[in-house]
Every structure is written in C-alpha cells, then in structure tokens.
Amino acid sequence: MAADYLTATFGLQGRTALITGAASGLGYAIACSLGSAGARIVVNDLSDAICAEAVEKLSMQGIAACGAPFDVSDAHSVNEAVARLSQDGWKPDILVSNAGNQNRMPVIDQAPEAWQSLFDVHVNGAFNCVRAVLPNMLEKGDGRIILMCSVAALASMPGISAYSAAKGALAAFTRSLAVEYGGKGITSNALAPGFVRTKFTVALQERDQFNDFLQDSVPLGRWAQPEDIAPAVVYLASRAGSFVNGHVLAIDGGLLAQM
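With that settled, consider the overall build of the protein. A count of helices and strands for the protein gives 10 helices and seven strands. Once the C-alpha set of the protein is aligned to its principal axes, its extents read approximately 50 × 45 × 40 Å. The buried share among the 259 residues of the protein stands at 50%. Sequence-distant contacts in the protein: of pairs separated by 6 or more residues, those separated by 24 or more amount to 74%. Carbon and sulfur atoms form 55% of the exposed surface of the protein, whose accessible area is close to 11,900 Å². Each charge sign in the protein was given a centre, from 17 positive and 23 negative side chains, and these centres are 7 Å apart.

This is the structure:
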C-alpha cells in the first residue's frame, strides 16, 4: 500500500522532463531524481558531447534519456530543438529551467555586456524555453514549469548585483506564469536554493572567509549538496505538488530565517 501511494503521488511515469544545464551539478542531480521517479529525461547543455555523456550515465541507471544541445539564450535554437523533440515523441510536459552563469564584481566595475550576459541566460533563457514548451502543455492541458531562482533574489550580498537582479526577475516571471496559465492546467513555481556545492561555486568554496560566513549564517551549518535540492523538483513536478502554483520555495538550510 505504501509503495502504491508513493508511486501514485510522486511517480512521474509517462512524463517527459526537459532540464536545461543538465549535464552536471544541480541540473544532473535533478535529472537523476526526476528519472528515478519515472520521467523520461531530455538533457540540455551546450554541446552534443556533454549531453551524450550525461545521457549515457543516466541510461546506466535505467533512466530513459536523450540529449538536446542548444544555447538557451538563442530563441531560434530553442524552438528548433523543442520542435524536433516533439516530432520524435519527446514532447516535454515538465520544464526545469536550470541553465545559468555568474559574474562576481561591483556594479561600478561591471561592463554592460557582462550584466546583459546574465540576463540573456537566466531570464531570456527561461523565457525562450517556457515559450517553446507552452504550446505542447496547452494542447495537453497539463504541465509543470519550474524555474531555478535563488536566495539571492530575496537577500543579496556584495558583488552579485547582476545575478541577484536576474534571479529577482525570474521570481516575478514565475508568479506571472502562475496567474496566466494556472487555469489551463499548468503550474509554475521556482526554487530558491542557498549555497550549493557545485562547480558553479568553486570560487566561494575555496575562500576560508566565506566558509566561516556560511558556517555562521546557515543554521544547518553547511553547504547544500545538489541532492538536497533535487527532490523538491520531484515534488513540484508530481501529483503531490499539483496545487502549488506561483511559489518560490527556498531550500537554504535556514539562511533566510536568520538574516
């Protein structure tokens, strides 16, 4: 009975999830979690080789997966890739917009193109992917949109103004999508992770001063691992999360509670 309940409530059999930036780090952990729950996984990253390697690793775990290399900031490439997936029987009804980039510098030192680069990937990238998958979701009358936000959208720190602003835009975009498409069977939510130990944060991991700050500021007293974040995506994508819409879920070890 317990197994039947878990499968019926959290299982993703028959669903197809497109995850951007999925070849490593948090994106790959999310792919593993959604795949283990029964979803077919479309791995997106920037190159065929990177996607193929991740697909092979997922396949070795018994997860059905295929690769879809494209740059999320290129709307034409996104549309072409999603159209090709649909033709091949891989219509995404779950989107996890996870692809991201970062620069760390004071506003006064930030060139306009550096600022724009973060918006191109985080904000425009999410918009391009959402717009590409929406027709299939609307046709089906069912879909899950999950955008990767950050605690930086809610409480920033010096040197990440562009990142914080882009993530704040994603939080607002999430709420707008929830209002616009909730009545059509599509839920839209965002995750706001705290500090996650990935290649993305290596520069911070190597700073003793930052690790001391994290120890003092996060009540759980540690970095998050990608596996701490990924199960929340399963919840939001599954039947269990079907009445959650327009929410930004912080997974931060209590960081925001203490700030």
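Additional details are given in the paragraphs that follow.
Judged by which residues are buried, strand β1 (residues 16-19) turns out to be covered on both faces: T16 and L18 on one side and A17 and I19 on the other are all buried. In this sheet, strand β2 (residues 40-43) lies alongside β1 in parallel orientation, the contact comprising four bridges. Bridging across to β2, L18 finds its partner in V42. As a crossover connection, the stretch from β1 through helix α2 (residues 25-36) into β2 is right-handed. Sheet topology places β1 next to strand β4 (residues 94-97); three bridges connect them, and they run parallel. The residue of β4 that forms the bridge with I19 is V96.

Moving on to helix α5 (residues 112-140). For α5, built from 29 residues, the straight-helix expectation of 42 Å at 1.5 Å per residue is met to within 8% by its first-to-last C-alpha distance of 41 Å. Where α5 bends most, the angle comes to about 40°, and this point is L134, followed within four residues by the proline P135.

Okay, the environment of E80 next. When you line up the elements, E80 lands in helix α4 (residues 75-87). Residue classification places E80 among the partly exposed positions, given a relative accessible area of 42%. Sequence separation between E80 and A132 is 52 residues, and the spatial gap between their C-alpha atoms is 8.9 Å.

For the structure on display, the rule yields one cavity of 30 Å³ or more. Lining the largest cavity are S97, N98, A99, H122, A126, L147, M148, K167 and L170. Breaking the lining of the largest cavity down by element, the ones donating at least two residues are α5, β5 (143-148) and α6 (161-181). Here the residues of the lining of the largest cavity sort into five nonpolar, three polar and one charged.

Within the largest apolar cluster, 38 residues are counted, with the highest numbers of intra-cluster contacts made by I30, L34, I41, L58 and L191. Secondary structure elements with two or more residues in this core: β1, α2, β2, α3 (48-60), β4, β5 and α9 (226-237). Every residue in contact with L58, bar those within four places of it in the chain, is listed here: Y28, A31, C32, I41, V43, I63 and A65. One finds C66, A126, C149 and A171 within the second-largest nonpolar core, a separate group that totals 32 residues.

A separate point is the pattern of salt bridges. In total, this model carries six salt bridges according to the counting rule given. Residue R15 pairs with D93 through a salt bridge whose shortest N-O separation is 3.0 Å. Taken together, the positions of R15 in the loop between α1 (2-10) and β1 and D93 in the loop between α4 and β4 put the pair 78 residues apart, joining distant regions of the chain. The salt bridge partner of R15 is D142, with a shortest N-O separation of 3.2 Å. Of this pair, R15 sits in the loop between α1 and β1 while D142 is found in the loop between α5 and β5, placing the two residues 127 residues apart along the sequence. Look at the salt bridges and you will find they share partners, linking R15, D93, K140, D142 and R144 into a network.

Moving on: the layout of surface pockets. Estimates place the volume of the largest pocket at around 1,100 Å³. Residue lining of the largest pocket: 47 residues in total, with G100, N101, Y163, T198 and F200 positioned closest to the centre. Within the residue set of the lining of the largest pocket, elements represented by two or more residues are α2, α5, α6, α8 (208-217) and α10 (255-258). Per-class residue counts for the lining of the largest pocket are 25 nonpolar, 16 polar and six charged.

Right, let's talk about the environment of V248 for a bit. Relative to the helices and strands, V248 is located in strand β7 (residues 248-251). The sequence separation of V248 and T174 amounts to 74 residues, and the corresponding C-alpha distance is 7.9 Å. Excluding residues that lie within four positions of it along the chain, V248 makes contacts with C149, A171, R175, A190 and A192.

Thresholds applied
Residues numbered from 1 in each chain as written. Predicted model: local features only at pLDDT ≥ 70, side-chain atom pairs only at ≥ 80, totals over all residues. Heavy atoms only, no water. Helix = DSSP H or I, 4+ residues; strand = E, 2+ residues; numbered from the N terminus. Buried < 20%, exposed > 50% of the residue type's maximum accessible area, 1.4 Å probe, protein only. Contact = heavy atoms within 4.5 Å. Areas by Shrake-Rupley, 256 points an atom, 1.4 Å probe, with all protein chains shown as cover. Lys, Arg positive; Asp, Glu negative; His and termini not counted. Charge placed at Lys NZ, Arg CZ, Asp CG, Glu CD. Pairing = 2+ DSSP bridges. Right-handed = clockwise from strand over helix to strand, strands pointing away. Expected span 1.5 Å × (residues − 1). Bend = angle between axes of the 7 residues up to and from the residue. 1 Å grid on protein atoms, 1.4 Å probe; cavity = no way out; pocket = protein on both sides within 12 Å on 5 of 7 lines; lining within 4 Å. Points joined across faces, edges and corners; volume = space filled by probe spheres on them. Nonpolar A, V, L, I, M, F, W, Y, C, P; charged D, E, K, R; others polar. Core = buried A, V, L, I, M, F, W, Y, C linked by side-chain atoms within 4.5 Å. Salt bridge = Lys/Arg side-chain N within 4 Å of Asp/Glu carboxyl O.

Taken by themselves, the reported measurements are silent on function.
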